[in-house]
Amino acid sequence: MAYDGFDLSGKVAVVTGGNGGIGLGFARAVAAAGADVSIWGTNADKNAAAEAELQAINPSASAIKCDVSDEAAVEASMASVIERYGRLDACFPNAGIGTQNGKPFFEHSNEDWFSVMDVNLNGVFYTLRAATRQMVKQGEGGTLVMTSSGTAIQGAPKGQAYAATKGAMVSMTLALATEMARYKITANAIIPGWVETAMTEGAFSREKFVNAVIPRIPMRRWGTPEDFGAIAVYLMSDSSRWHTGDIIKIDGGFSIF
Ligand code: NAP
């Protein structure tokens, strides 16, 4: 008989930034494990393509056009998820943008700084606040999974704004894990290594970058969105209900070599 500890039937997940990359990797896997999934993103074409792909896995999947840096849009999107599915069991506030400018730190404008904060930090705050409010109201526990980054714990030249938001994912995870435990809500963060997505397209197209980084990855390849499916299913499942406050690296060994 198959092990049923990872069956997510009857559970509902929101994955922000779920229309591509790592978020779509989360969404595909939890949908295949039986969960109803709502993916949020700003690009209507990407939303439609990902929605169709996910519906082929689980017909209940849906996409919402939502800019997570817009507080009102996040509140409205969460309300529409609850109206459609009736509940919320897991939230993956994964939407993020990279450092925009490539300039030295002392030339960063306020706009450079705040544009990253708006999405990667404020957007996560709006999303998690709405999610935890609903989970506490339901009284049946829940799952929060932050997407941090190696930049939270390793140096990121010219990327201080991005790094600061990803360090904040670690801090928020620890703070939420302690406060939310009383509601049986777990909070964990994932630190992905270098993953082949739209965000890394530019870097991975530069030979100098590839030649410098691949030799530092013991598994000798970039990560793929599929490498993040199993952890999403595990963390959303009842099997991990005592696993909280953890910072989980999935990086092909990059951080230890
Ligand atoms: P990606 O393919 O570019 O995914 C980013 C996602 O965020 C897209 O779905 C995008 O959808 C969404 N998004 C961006 N701005 C948004 C906004 N204002 N509101 C709502 N959604 C928004 O890149 P990715 O690598 O999968 O990134 C996912 C997460 O992983 C990010 O938090 C990133 O920082 C983190 N990460 C990535 C790597 C890596 O090597 N790739 C490593 C460490 C951490 P739209 O385009 O439709 O808005």
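Provided above is the structure to which this section pertains.
Residues numbered from 1 in each chain as written. Predicted model: local features only at pLDDT ≥ 70, side-chain atom pairs only at ≥ 80, totals over all residues. Heavy atoms only, no water.

**Some details on the site of the ligand**
Here comes step 1: In the vicinity of the ligand, 30 residues are found, and the nearest of them are Asn19, Thr42, Lys46, Tyr162 and Thr197.
Here comes step 2: Interatomic distance of 3.0 Å between a backbone N/O atom of Val68 and a nitrogen atom of the ligand.
Here comes step 3: Relative to its free-state accessible area of 870 Å², the ligand is covered by the protein chains to the extent of 92%.
Here comes step 4: When contributions to the shell around the ligand are tallied by element, the ones reaching two or more residues are α1 (21-32) and α5 (160-180). (Near = heavy atom within 4 Å. Polar contact = N/O pair within 3.5 Å; in protein donor to acceptor, adjacent residues only side chain to side chain. Areas by Shrake-Rupley, 256 points an atom, 1.4 Å probe, with all protein chains shown as cover. Helix = DSSP H or I, 4+ residues; strand = E, 2+ residues; numbered from the N terminus.)

**Some details on the sheet that holds strand β6 (residues 185-192)**
Here comes step 1: Pairing within the open sheet is parallel, and its seven strands lie in the order β3-β2-β1-β4-β5-β6-β7. Edge positions in the sheet fall to β3 (62-65) and β7 (247-250), since each has one partner strand and no second. Across the sheet, the mean angle separating the axes of adjacent strands is 20 degrees when strand polarity is ignored.
Here comes step 2: Sheet topology places strand β4 (residues 90-93) next to strand β5 (residues 142-147); two bridges connect them, and they run parallel. The residue bridging Ala90 from the neighbouring strand is Thr143, located in β5.
Here comes step 3: In the packing of helix α4 (residues 110-138) onto the sheet, the strands contacted are β1 (12-16), β2 (36-41), β4, β5 and β6, and the crossing angle to β4 comes to about 175 degrees.
Here comes step 4: Strand contacts of α5: β5, β6 and β7, with the helix running at about 160 degrees to β6, the strand carrying the most contacts. (Pairing = 2+ DSSP bridges. Axes fitted to C-alpha atoms, helices over the stretch in contact; angles between N-to-C directions. Contact = heavy atoms within 4.5 Å.)

**Side note on the nonpolar core**
Here comes step 1: Counting 30 residues, the largest nonpolar core has Trp40, Leu144 and Met146 as the members making the most contacts within it.
Here comes step 2: Among the secondary structure elements, those contributing two or more residues to this core are β1, α3 (71-85), α4, β5, α5 and β6.
Here comes step 3: Setting aside chain neighbours within four positions, we find Met146 in contact with Pro93, Leu128, Met169, Thr173, Leu176, Ala187, Asn188, Ala189 and Ile190.
Here comes step 4: One finds Ala13, Leu24, Ala61 and Val145 within the second-largest nonpolar core, a separate group that totals 29 residues. (Core = buried A, V, L, I, M, F, W, Y, C linked by side-chain atoms within 4.5 Å. Buried < 20%, exposed > 50% of the residue type's maximum accessible area, 1.4 Å probe, protein only.)

**A closer look at the pattern of salt bridges**
Here comes step 1: Tallied over the full model, the rule gives nine salt bridges.
Here comes step 2: Ionic pairing is found between Glu226 and Arg28, a salt bridge with its closest N-O pair at 2.8 Å. Linking Glu226 in the loop between α7 (207-213) and α8 (229-236) with Arg28 in helix α1, this pair joins segments that are 198 residues apart in sequence.
Here comes step 3: A relative accessible area of 51% means that Glu226 is categorised as exposed.
Here comes step 4: Residue Arg129 pairs with Glu71 through a salt bridge whose shortest N-O separation is 2.8 Å. With Arg129 in helix α4 and Glu71 in helix α3, this pair connects stretches of sequence that are 58 residues apart.
Here comes step 5: If you follow the salt bridges from partner to partner, you end up with Arg28, Glu53 and Glu226 in one network. (Salt bridge = Lys/Arg side-chain N within 4 Å of Asp/Glu carboxyl O.)

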